[in-house]
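In case you want the letters, here they are:
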Amino acid sequence: MPNWKLIAQARGIEVSAEEMERLTVVLDALETAWAPLRELAPHETEPAVAYRLSRQEPQA
């Protein structure tokens, strides 16, 4: 699995340890879900993967 904390740091995204822990679970699940789809793409196709993070306040 990718090191999401390192990726965030490299992109200048500041995320608290608590947020990173929650995000890592979700991003790892997405990575696992999308992995089989990579095999369907033609090998000459350049990958274009973008993750977009947005803050959401917890709902009571």
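From a predicted model like this one, the values you see are computed outputs, not experimental measurements. (Residues numbered from 1 in each chain as written. Predicted model: local features only at pLDDT ≥ 70, side-chain atom pairs only at ≥ 80, totals over all residues. Heavy atoms only, no water.)

Q: I'm lost on the pattern of salt bridges in this one. Help?
A: Pairing of side chains with opposite charge becomes possible as their charged atoms draw close. Under the definition given, this model contains 1 salt bridge. For Arg22, the salt bridge identified is with Glu18, shortest N-O distance 3.4 Å. Of this pair, Arg22 and Glu18 both sit in helix 2 (residues 17-38), 4 residues apart, roughly one helical turn. Taken individually, Arg22 and Glu18 each receive the classification exposed, so the pair is uniform in this respect. (Salt bridge = Lys/Arg side-chain N within 4 Å of Asp/Glu carboxyl O. Helix = DSSP H or I, 4+ residues; strand = E, 2+ residues; numbered from the N terminus. Buried < 20%, exposed > 50% of the residue type's maximum accessible area, 1.4 Å probe, protein only.)

Q: Hey, could you run me through the environment of Gln9 in this one?
A: One can find Gln9 in helix 1 (residues 4-10). Look at Gln9 and you get exposed, because its relative accessible area is 51%. C-alpha separation for the pair Gln9 and Leu27, spaced 18 residues apart in sequence, amounts to 15 Å.

Q: Explain a nonpolar patch on the surface to me, please; I cannot follow it from the model alone.
A: Taken together, the side chains of Trp34, Leu37, Leu40, Val49 and Tyr51 make up a nonpolar region of the molecular surface, amounting to roughly 530 Å² of accessible area. Relative to the assigned elements, Val49 resides in the segment after helix 2. (Patch = residues over 30% accessible without salt bridge, like charges linked within 9 Å, V, L, I, M, F, W, Y side chains within 5 Å. Areas by Shrake-Rupley, 256 points an atom, 1.4 Å probe, with all protein chains shown as cover.)

Q: What am I meant to see in helix 2 here?
A: Structural remark: α-helix, 3.6 residues per turn; residues separated by three or four positions point the same way. Helix length check: helix 2, at 22 residues, gives a terminal C-alpha distance of 30 Å against a target of 32 Å (1.5 Å per residue), a fit within 8%. Check the buried side of helix 2 and you find it contacts helix 1. (Expected span 1.5 Å × (residues − 1). Contact = heavy atoms within 4.5 Å.)

Q: What am I meant to see in the environment of Gly12 here?
A: Along the chain, Gly12 turns up in the loop between helix 1 and helix 2. The spatial distance from the C-alpha of Gly12 to the C-alpha of Glu46 is 24 Å, given a sequence separation of 34 residues.

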